[in-house]
Amino acid sequence: MLSRIPQLLFYGLVSGSILALGGIGVSLTYSILRFSNFAHGDMMALGAYLTLALIPVAGTLGIPSAAIGPLSFGPRFIVAAVVGMACTFVIVVALDRLIFRRLRKAGRITLMITTIGIALSMRNALQFFWGPQPQYYTARIQLAIQVPRLAIRVKPDQLFVISVAVLLVALLHLFLRYTKTGKAMRATSDNPSLAQVTGINTERIILWTWVIGASLAALAGVLAGVENKFITPELGWQMLLSIFAAVILGGIGNPYGAILGGVIVGVSEEVSTAFISTGYKPAVAFGILVLMLLIRPTGLLGRRS
Amino acid sequence: MELFVGIINYLVFFAITAGTYGVLSLGLNLQWGYTGLFNIGVAAFYAVGAYASALVSGPPPDMWDGRLVGGFELPFILGILAAALAAGIIAFLIGIPTLRLRADYLAIATIGIAETIRMVLKNEAWLTNGVWGLQQLPSPFYDAIHRGATGFVQTHPDLSPWLRALVLKAYNWFYLFLVIAALFLLYLFLRRLAQSPWGRVLRAIREDEVVASMSGKNVFAFKLQALVLGAMIMGIGGAFYAHYARFISPTSFEPFYGTFIVWVMLILGGTGNNKGAILGAFVVWGTWAGTDFITGYLPLSPTQEASLRIIVIGILLVSILLVRPQGLLPEMRQRRRTPRTPE
Amino acid sequence: MSLLTVDQIVSGYGDMEVLHGVDLRVDPGEILTIIGPNGAGKSTLMKTIFGILTPTAGAIAFQDQDITGLSPDRVVRLGLAYVPQVENVFPSMTVRENLEMGAFVLRGDLRERISRVTELFPVLSKRWKTHVGNMSGGERQMVAMGRALMLDPQLLMLDEPSAALAPNLAATVFERIEAINESGLSILIVEQNAKDSLRLSDRGCVLAAGLKCFEDTGPNILANEDIGRLYLGGE
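Rules used throughout
- Residues numbered from 1 in each chain as written.
- Chains lettered and ligands numbered in written order.
- Predicted model: local features only at pLDDT ≥ 70, side-chain atom pairs only at ≥ 80, totals over all residues.
- Heavy atoms only, no water.
- Helix = DSSP H or I, 4+ residues; strand = E, 2+ residues; numbered from the N terminus.
- Rg over C-alpha atoms; globule rule 2.2 N^0.38 Å.
- Buried < 20%, exposed > 50% of the residue type's maximum accessible area, 1.4 Å probe, protein only.
- Contact = heavy atoms within 4.5 Å.
- Areas by Shrake-Rupley, 256 points an atom, 1.4 Å probe, with all protein chains shown as cover.
- Lys, Arg positive; Asp, Glu negative; His and termini not counted.
- Charge placed at Lys NZ, Arg CZ, Asp CG, Glu CD.
- Polar contact = N/O pair within 3.5 Å; in protein donor to acceptor, adjacent residues only side chain to side chain.
- Pairing = 2+ DSSP bridges.
- Axes fitted to C-alpha atoms, helices over the stretch in contact; angles between N-to-C directions.
- Salt bridge = Lys/Arg side-chain N within 4 Å of Asp/Glu carboxyl O.
- Expected span 1.5 Å × (residues − 1).
- Patch = residues over 30% accessible without salt bridge, like charges linked within 9 Å, V, L, I, M, F, W, Y side chains within 5 Å.
- Core = buried A, V, L, I, M, F, W, Y, C linked by side-chain atoms within 4.5 Å.
- Buried area = accessible area lost by both parts, 1.4 Å probe.
- Nonpolar A, V, L, I, M, F, W, Y, C, P; charged D, E, K, R; others polar.
- pLDDT = per-residue confidence, 0-100.
- 1 Å grid on protein atoms, 1.4 Å probe; cavity = no way out; pocket = protein on both sides within 12 Å on 5 of 7 lines; lining within 4 Å.
- Points joined across faces, edges and corners; volume = space filled by probe spheres on them.
- Phe/Tyr/Trp six-rings, centres within 6.5 Å; stacked < 30°, edge-to-face > 60°.
- Lys NZ or Arg CZ within 6 Å of the ring centre and 35° of its normal.

Asks: Is there a simple way to explain the overall build of chain B in this structure?
Replies: A tally of helices and strands in chain B yields 14 helices and zero strands. Going from N to C terminus, chain B has its helices and strands arranged as α-α-α-α-α-α-α-α-α-α-α-α-α-α. What you see for chain B is a C-alpha radius of gyration of 21 Å, in line with the 20 Å of a compact globule of 343 residues. Going through the 343 residues of chain B one by one, you find that 54% of them count as buried. Considering only contacts in chain B between residues 6 or more positions apart, those separated by 24 or more positions represent 78%.

Structure below.
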């Protein structure tokens, strides 16, 4: 049982990377639009399915599908994923214009209820078009490689998942730290009324928030598909609880906290399978969540509010 | 005539289900409508109520059952009490860590408890029989009424076929009576609560927690009481469901059936209005049933039909929030709400 | 010609009307202090001028341009700067970032502007990388004013700049305000305990119950016994 732990730690790092990418969006939405987006998980699934739909489209454009090196997918899939991310944020921004914008003054809870309605409709739209059964990005089977001296087996795809997550987290950090828009996002999250007073156009910042949050959500969905080898319409909803646990653990509203929380929750969930039934993985996240609410509701990196 | 009897029988069946949802909607109205508690895990309390009642008044495990405990075959009323008690305990436990925090935390924690409970129902077969669920649950007085009805039909062979069909469904009429009686009693109870000083404190908390706490009220205790009482009502709804359906399994308590549709009912009916909560249950369940007829004519697979119907309900919810957020029967306000001066 | 003209403005929050028709004028180069009791509508007036609240009647003009109902991000480009009474900094950002945010609507190099602000508030230059949330109340007030000055505005609006500050810090703040004014900037101050502020003001006016009820030069208001008793805490 204990001998499996190094391997589980590695799996945890993989799923933690995916949770972190999902959590960043939840955290940004929370800090800028000031509500919890319960449709975030389903935005992940949307991105995963749009990518699936775009793979044949990329094929007709002549983008080769041959696998890159040891990975199980090729340029065709990567192009489909990038375009899928863009399509996801276009849809999400359209939903903002159509629905959320009209409810900005209606209060946070109305917005949260709305996100639940959108979540359900979105998930069932995916189910309507693709059915509830699993869909596969690729039929290729990838063998795990034994890492010398460490008691773990690693698939190249999993290393890809971790590297993409690390790369995007680094890019996000540079964006928030050094670009004017990134700073304006932090300012808006810090003090929205003062941000307005300094001349920041809040609507534009909201637009950016959705673009980043939805793109990263779509990417998280695609990477979940790469890691699990299949996608279902429930993919995002099933991860939502873990994502929220990660976000609260790290400190809600703090994107860096979401990253830390994602890794901790991912690792805890995987390591827990050495001791309890796999069916209870999300319950582990729930346990972490409740524990955190009791001990330190502001989260590890949270500010006092 | 046969069609007419068919419709009547269907309407009775429809009203039983809608009425059961009315109980859930009333429970949610106490939590959300009165107190502003953002519970999106209604399914948790609904499921716990249904299973508790089934275990207390249901049959003991048979040879194919995975269960090791439960099935005490106690009377229906004790099942209902057990349902309320079990749901209340869960609500108490979930309220402690969350009710001092912002609404988001209660929302997330209630999603969490609903999912966790569904996992327990699926995985702990010794108690719940896992995914196979609990079967052959007793409906109160079923044997007596059903035997009476069939006996009556047998001793009166000259009955016209449509009257026969109607009499044979006598039990449904009885159960409908039970559900309506429960709804009515709950309605009277909640109306009294709303007008009591306790109910006024709840509304004060909903309007402005800070002001309520400054006037010396223990906001946390009041919120906890409202959460627990609302959950107990939801638990009772679960018991009513279990003893009519006679079969429960984890799929009956998926987020859509267990939580989401209840929210749509309350919001459409009128948040904060008990009559609205009941009306909403009937209207939304009617819409849900109606979409079943309509999608039946479309060239779709069964899963596509189900998805389309859920999308319709989702769009319905968002449309109400955009167009008529106060619902069909808006809350009757005791006094006009004045915004606080930020100065 | 006056810099800012407020004409019969009616404004408030939602259904609640706070200002019932207020007139006001700020001339170029002057300091004007508005005094009045708590709840008189002083902050509401500031927020309405700046476009955070939309007036239901009346007009506001800045440099002969109608700005009634303009959104804050438009108003700020015209040369108005506003320092709210509370929450007037970005606590999780550094001093430098706070100043940069002040010049958000500008493009290009900010170094010259930043050095001008640090000449006025030398303490800030030593604490570039400090998160403002970790600074004292007086330092925060400096950051807030520095942020507002980054745009090189024509008119600086200060909402209770000395509130919640120790007396010696308040004195420093007023000394800075005077220095800013000497560089040619007009300043509109709202104060509840306004003696210090009136002392350096060209003019002052009294706002009570959503109406302007008195206006005079700063020294005259200070000398007025009725106002002293009613609004300045007596002698």
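Having seen the structure, we can now continue with the description.
Asks: Sorry if this is basic, but what is going on with the overall build of chain C here?
Replies: When helices and strands are tallied, chain C shows ten helices and ten strands. Taking the principal axes of its C-alpha atoms as reference, chain C extends roughly 45 × 40 × 35 Å. With 235 residues in all, chain C has 54% of them scored as buried. Roughly 10000 Å² of accessible area belongs to chain C as shown, and the carbon and sulfur atoms make up 47% of that amount. Positive and negative charge centroids in chain C, built from 21 and 30 side chains respectively, lie 8 Å apart.

Asks: How should I be thinking about the side chain of S27(A) in this particular structure?
Replies: All names here are of chain A. Following the sequence through the fold, S27 ends up in helix α1 (residues 5–32). Of note is the side chain of S27, whose polar atom sits 3.1 Å from the backbone nitrogen of N254. Setting aside residues no more than four positions away along its own chain, S27 makes contact with V247, G251, I252, G253, N254, P255 and A258.

Asks: Just checking my understanding: could you explain the sheet that holds strand β1 (residues 4–13) of chain C for this structure?
Replies: Hydrogen bonds along the backbone pair up the strands of a sheet, which may run parallel or antiparallel. All names here are of chain C. Pairing is antiparallel across the open sheet formed by four strands, whose spatial order is β2-β1-β4-β5. The sheet is open, and its two borders are formed by β2 (16–26) and β5 (65–66), each paired with just one other strand. Sheet topology places strand β4 (residues 57–62) next to β5; two bridges connect them, and they run antiparallel. The residue bridging A61 from the neighbouring strand is D66, located in β5. Of the strands in this sheet, β1, β2 and β4 are in contact with helix α1 (residues 42–50), which crosses β1 at around 110°.

Asks: How should the pattern of salt bridges be read in this particular structure?
Replies: Between side chains of opposite charge, a pair can form as their charged atoms come close. By the definition in use, this model includes 27 salt bridges over all chains. Of the charged contacts, one joins D96(A) and R104(A) as a salt bridge, the two residues approaching to 3.1 Å between their closest N and O atoms. R96(C) is the salt-bridge partner of E100(C), the closest N and O atoms lying 3.1 Å from each other. With E100(C) and R96(C) both in helix α3 (residues 95–102) and four residues apart, the pair spans about one turn of that helix.

Asks: Help me out: how do you make sense of helix α11 (residues 219–245) of chain B in this one?
Replies: Note on helix geometry: an α-helix contains 3.6 residues per turn, so any two residues three or four positions apart are oriented the same way. Residues and elements named next belong to chain B. In this model, α11 (27 residues) spans 39 Å end to end at C-alpha, consistent with the 39 Å of a helix rising 1.5 Å per residue. Burial of α11 is extensive: 21 of the 27 residues sit out of reach of the surface. Once α11 ends, the next one or two residues include R246, with phi positive near 65°.

Asks: Got a minute to help me understand a positive patch on the surface in this structure?
Replies: A cluster of basic residues, K180(A), R204(A), R74(C), R77(C) and R107(C), forms a positive patch on the protein surface. Inspection of the secondary structure puts R204(A) in helix α8 (residues 202–228).

Asks: What is the right way to look at the nonpolar core in this model?
Replies: Proteins that are soluble and globular tend to have nonpolar side chains buried together. Formed by 225 residues in total, the largest nonpolar core has its most connected members in F38(A), F38(B), L45(C), I49(C) and L188(C). The element that contributes the greatest number of residues to this core is α8(A), accounting for 15 residues. Setting aside residues no more than four positions away along its own chain, L45(C) makes contact with V6(C), I9(C), L19(C), V22(C), L24(C), I34(C) and L207(C). Grouped together as the second largest cluster of nonpolar side chains are 32 residues, V132(C), M135(C), V143(C) and L165(C) included.

Asks: I tried to follow the interface of chain A and chain B on my own but got confused; where do I start?
Replies: The accessible area lost on association of the parts is a frequent measure of interface size. The partner chain B presents 41 residues to the 40 residues of chain A that form the contact. For the pair chain A and chain B, the summed buried surface comes to about 3500 Å²; carbon and sulfur atoms form 78% of the total. Interface area lost by chain A to chain B is led by I113(A), F128(A) and Y280(A), which between them contribute 19%. Linking chain A with chain B are one salt bridge, by the criterion used here. Note that R108(A) is salt-bridged to D104(B), the shortest N-O span being 2.1 Å. Here chain A is connected to chain B by six residue pairs in polar contact (both at pLDDT 80 or more). Counting residues per element, the ones that place at least two in the side of chain A that touches chain B are α4 (108–130), α9 (235–250) and α11 (281–295) of chain A. When the residues that make up the side of chain A that touches chain B are grouped by side-chain class, the tally is 29 nonpolar, nine polar and two charged.

Asks: Please explain the confidence of the model for chain C as it appears in this structure.
Replies: Any residue range with low pLDDT should be treated as having predicted coordinates unsuitable for detailed reading. Residues and elements named next belong to chain C. Mean pLDDT for chain C: 87, with 97% of residues reaching 70 or above. Looking at the elements of chain C, mean pLDDT is at its lowest for helix α10 (residues 225–231), recorded as 73, and at its highest for strand β7 (residues 155–159), recorded as 94. This prediction of the complex comes with two scores: 0.90 for pTM and 0.91 for ipTM.

Asks: Help me understand empty space enclosed by the protein in this model?
Replies: Taken as a whole and judged by the stated rule, the model has four cavities of 30 Å³ or more. When its volume is computed, the largest cavity comes out at roughly 190 Å³. Contributing elements (two or more residues each) for the lining of the largest cavity: α4 of chain A together with α4 (103–123) and α12 (255–269) of chain B. Grouping the constituent residues of the lining of the largest cavity by class yields 13 nonpolar, one polar and four charged. Approximately 70 Å³ is the volume attributed to the second largest cavity. As for the second largest cavity, its lining consists of S72(A), F73(A), F77(A), Y137(A), T138(A), D157(A), G225(A), V226(A), K229(A) and F230(A). Split into classes, the residues belonging to the lining of the second largest cavity amount to five nonpolar, three polar and two charged.

Asks: Just checking my understanding: could you explain helix α10 (residues 255–272) of chain A for this structure?
Replies: All names here are of chain A. Between its terminal C-alpha atoms α10 stretches 25 Å, which fits the 26 Å expected from 18 residues at 1.5 Å a residue. Extensive coverage of α10 is indicated by the burial of 13 of its 18 residues. Regarding α10, its N-cap is N254, as a side-chain oxygen of that residue lies 2.8 Å from the backbone nitrogen of Y256 further along.

Asks: Is there a simple way to think about the environment of Q154(B) in this case?
Replies: Residue and element names in this part refer to chain B. Relative to the elements of secondary structure, Q154 occurs in helix α6 (residues 142–155). By relative accessible area, which is 65% here, Q154 ends up exposed. When the C-alpha atoms of Q154 and L134 are compared, they prove to be 33 Å apart, with 20 residues separating the residues in sequence.

Asks: For this particular structure, what's the right way to read the side chain of Q141(C)?
Replies: Along the polypeptide, Q141(C) turns up in helix α6 (residues 137–149). Not counting residues within four places of it along the chain, the set of residues in contact with Q141(C) comprises V83(C), N88(C), P161(C), L165(C) and V173(C).

Asks: In this structure, what is going on with the confidence of the model for chain B? I would like to understand it.
Replies: With 97% of its residues at a pLDDT of at least 70, chain B reaches an overall mean of 91. Within the model, pLDDT remains below 50 along residues 335–343 of chain B, and this stretch shows 16 contacts once partners closer than five positions in the same chain are excluded.

Asks: Just to check I follow, could you spell out unusual backbone geometry for this structure?
Replies: Glycine aside, a negative phi is what most residues show, and trans is what most peptide bonds show. At K229(A), a residue that is not glycine, the phi angle is positive and equals roughly 80°. Position of K229(A) among the secondary structure elements: in the loop between α8 and α9.

Asks: Please clarify how the packing of aromatic side chains should be interpreted in this entry.
Replies: Each aromatic ring pair is summarised here by two numbers: the centre-to-centre distance and the angle between the ring planes. Taken as a whole, this structure holds 38 aromatic pairs over all chains when the rule is applied. With centroids separated by 6.4 Å and ring planes inclined at 50°, the aromatic side chains of F35(A) and W210(A) adopt a geometry described as tilted. Of this pair, F35(A) sits in the loop between α1 and α2 (40–60) while W210(A) sits in helix α8, placing them 175 residues apart in sequence. Note on accessibility: F35(A) and W210(A) belong to one class, buried. Taking the centre distance of 5.8 Å and the plane angle of 85° together, the rings of F141(B) and F174(B) count as edge-to-face. With F141(B) in the loop between α5 (125–128) and α6 and F174(B) in helix α8 (residues 170–195), the pair connects residues that are 33 residues apart, well separated along the chain. With relative accessibility at 59%, the residue F141(B) sits in the exposed group. Positioned above the aromatic ring of F104(C), the side-chain terminus of K180(A) is 5.2 Å from the ring centre. Against the face of F220(B) rests R100(B), its NZ or CZ located 3.8 Å from the ring centre.

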